[in-house]
Every structure is written in C-alpha cells, then in structure tokens.
Amino acid sequence: MARPHPVLVDLAAGRAPAPGAVTAADAEALLVSALDHGMQGLLWTHVRDAAPGFALRTRLAGLDALTRQRHARLASAVAATRDRLAAVGMASVAIKGVTAEARWYGRPGERPCSDVDVLVGPDAAAWADVAVRAFDPDHPLAPVLPALVAGGAVQSVDLAVDDVAVDLHFDLCKLGYPLRAPEAVWARTLDHTLPDGSTVRVLAPDAALVHFLVHLNKDSFPRLIGCVDVVRVLG
C-alpha cells in the first residue's frame, strides 16, 4: 500500500488541508490515494464543503453516491442478521461497518465498507451449527462446527444475507487463540438505533477502541481509514 497523500493525512487528523494543497495536476493522484486508503468519503465531504473547484468533483460525487447506496443495503443486512440470530435464540453485537460509521462519522458514506460483521455470545460455541444454519441450512461445516469453535480451530464463518457478505464472529478479535474473558466484551455493549428505527447491540466506545487497535495491528496498519477510526473514537 502506497503512502497516503498528505491531504488525506490532514483529513484523517481532522484538520483542514492548507489552501491550494490540491492542484488540478494532482487531483488524480489524490483520488487514487483516497481509494487505496478508504478515504474517498472523507475527501468528498471536504471537496463538497470547501473545494468547489476540485478537478474530479463530479467523479468523486458519483463514487460517494454508490457508497451511500451500498451502505443502505448493509444497514438492512445488519437488521436482517440480528433477526435471523434472534429467531434461533441467539443474541448478537454489530461490530465495525455501518454502525461504526453512524456513531463516529459525520454522514453515511464517509467510512466505506463492504460487509457486515457480527459477534455472537460467549456461549455460542455449543450452538454454532444453529447459528450458521439460520443463514445456510446446508452449510457443509454445520455438523462439526460446535467442536471446531469450541476447540478454537474456527473463530468466524463467512455467510451471506441476500447479496451481502456477513462475517459471523465467534471471537471478537480472531487472533488465533480465544479471548480469556469473552463475557467481558458482552458487558461492554449498548443499544444503537438503525435507520429503520430498530435497535442493535454494539460495542461500547472503550471496547470498540480496543477492537479497532487490535484489528489495525493484526493487519499491519494497511489503510489510513483505520487510523481515522481510532482518532474518531478517542475524540
């Protein structure tokens, strides 16, 4: 991953870029860097509000519209995932994704994401097959999943709701070994209201901060938007 454009570093830190920081000749490089680092939403917010002469304004606006359209589907998928798990008696917590955007960013589209991440409870190992069959009745791992989850060999499963990818976590951090006190995570949750007016459980800010930091370290800090998550929660 290339070093982010300096304008993006300013935006990540919550600073306004210096006047004239972006020239017409530099606009393409800035947009490419923004896409690399998941910063196109924050870049559009700045361009929309403070840079009317940005050379690629129309293109950036179109990309943002697509992101917002996708995020609306993701929010619906969060609700559908919650409901499918609740129907088989399982509680869940939405992590990262559109709920994090709604809590710590200024508007839909500023934190681009492409899937839904959900954590099920610390007692879910024994019912892992039930959880998976709520999404895919014929999932090939279902019969052996309780043993795999209990033994730590499987910490998450990739599923889908309609055309939306769902990462079902049995362990919050997925480090290859289990959390020593997963019940502590569940003690640090609260309700968040979705666009449809219903609520979903999410991590409390301190637990979300730890999760963001662990995730960044595990992935070797690949994209600037991950650092923005930390800045926003701390702010």
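Residues numbered from 1 in each chain as written. Predicted model: local features only at pLDDT ≥ 70, side-chain atom pairs only at ≥ 80, totals over all residues. Heavy atoms only, no water.

Colleague: Is there a simple way to explain the overall build of the protein chain in this structure?
Modeller: The helix and strand inventory of the protein chain stands at 10 helices and six strands. Here the C-alpha radius of gyration of the protein chain, 19 Å, is about what a compact globule of 235 residues would show, namely 18 Å. In terms of its C-alpha atoms, the protein chain occupies a principal-axis envelope of roughly 60 × 30 × 30 Å. Among the 235 residues that make up the protein chain, the fraction classed as buried is 46%. Within the protein chain, residue pairs in contact and separated by at least 24 positions form 63% of the contacts whose partners lie at least 6 positions apart. Approximately 11,300 Å² of the protein chain is accessible, and the part contributed by carbon and sulfur atoms is 57%. Of the side chains in the protein chain, 22 bear a positive and 26 a negative charge, and the two mean positions are spaced by 5 Å. (Helix = DSSP H or I, 4+ residues; strand = E, 2+ residues; numbered from the N terminus. Rg over C-alpha atoms; globule rule 2.2 N^0.38 Å. Buried < 20%, exposed > 50% of the residue type's maximum accessible area, 1.4 Å probe, protein only. Contact = heavy atoms within 4.5 Å. Areas by Shrake-Rupley, 256 points an atom, 1.4 Å probe, with all protein chains shown as cover. Lys, Arg positive; Asp, Glu negative; His and termini not counted. Charge placed at Lys NZ, Arg CZ, Asp CG, Glu CD.)

Colleague: Would you take a moment to explain the pattern of salt bridges for this structure?
Modeller: Any two side chains of opposite charge can pair, given that their charged atoms come close. By the definition in use, this model includes 13 salt bridges. The residue D10 makes a salt bridge to R15 at a minimum N-O spacing of 2.9 Å. With its nearest N and O atoms 2.8 Å apart, the salt bridge here joins D229 to R111. Separated by 118 residues along the polypeptide, D229 in helix α10 (residues 224–234) and R111 in the loop between α5 (97–104) and β2 (116–120) bring together distant segments of the chain. Judged by its relative accessible area of 9%, R111 falls in the buried class. Within this structure, D64, R68, R107 and E110 form a network of salt bridges that share partners. (Salt bridge = Lys/Arg side-chain N within 4 Å of Asp/Glu carboxyl O.)

Colleague: What exactly am I supposed to notice about helix α3 (residues 40–50) here?
Modeller: Because each turn of an α-helix spans 3.6 residues, side chains separated by three or four positions in sequence point in the same direction. Those residues of α3 not exposed but buried are Q40, G41, L42, L43, W44, T45 and V47. Contact partners of the buried residues in α3: α1 (6–12), α2 (27–36), α4 (57–87) and α10.

Colleague: Would you take a moment to explain the packing of α3 against α4 for this structure?
Modeller: The angle between the axes and the distance between the axes are what describe a pair of packed helices. Across the interface, α3 lies against α4 with an axial gap of 10 Å and an inter-helix angle of 130°. As the angle between them shows, α3 and α4 are arranged oblique. The handedness of the crossing between α3 and α4 comes out as left-handed. Residues Q40, G41, L43, W44, V47 and R48 of α3 pack against R57, L60, A61 and D64 of α4. (Axes fitted to C-alpha atoms, helices over the stretch in contact; angles between N-to-C directions. Parallel < 35°, antiparallel > 145°, perpendicular 65-115°, else oblique. Left-handed = near helix turned anticlockwise from the far one by under 90°.)

Colleague: Hey, could you run me through the sheet that holds strand β1 (residues 92–95) in this one?
Modeller: Sheets are built from strands paired through backbone hydrogen bonds, the pairs being either parallel or antiparallel. Here six strands make up an open sheet; going across it, the order is β3-β4-β2-β1-β6-β5 and the pairing mixed. Each of the sheet's edge strands pairs with one partner strand only, and the pair in question is β3 (156–161) and β5 (189–193). Geometrically, the sheet is characterised by an average inter-axis angle of 40° between neighbouring strands, direction not taken into account. Of the strand pairs in this sheet, β5 and strand β6 (residues 199–203) are connected by five bridges, and their pairing is antiparallel. (Pairing = 2+ DSSP bridges.)

Colleague: I would appreciate a short explanation of the packing of aromatic side chains in the present structure.
Modeller: For any pair of aromatic rings, geometry is given as the distance between the ring centres together with the angle between the planes. Under the criterion given, the structure shown has one aromatic pair. Between R232 and the ring centre of Y105, over which it is positioned, the NZ or CZ distance is 4.7 Å. (Phe/Tyr/Trp six-rings, centres within 6.5 Å; stacked < 30°, edge-to-face > 60°. Lys NZ or Arg CZ within 6 Å of the ring centre and 35° of its normal.)

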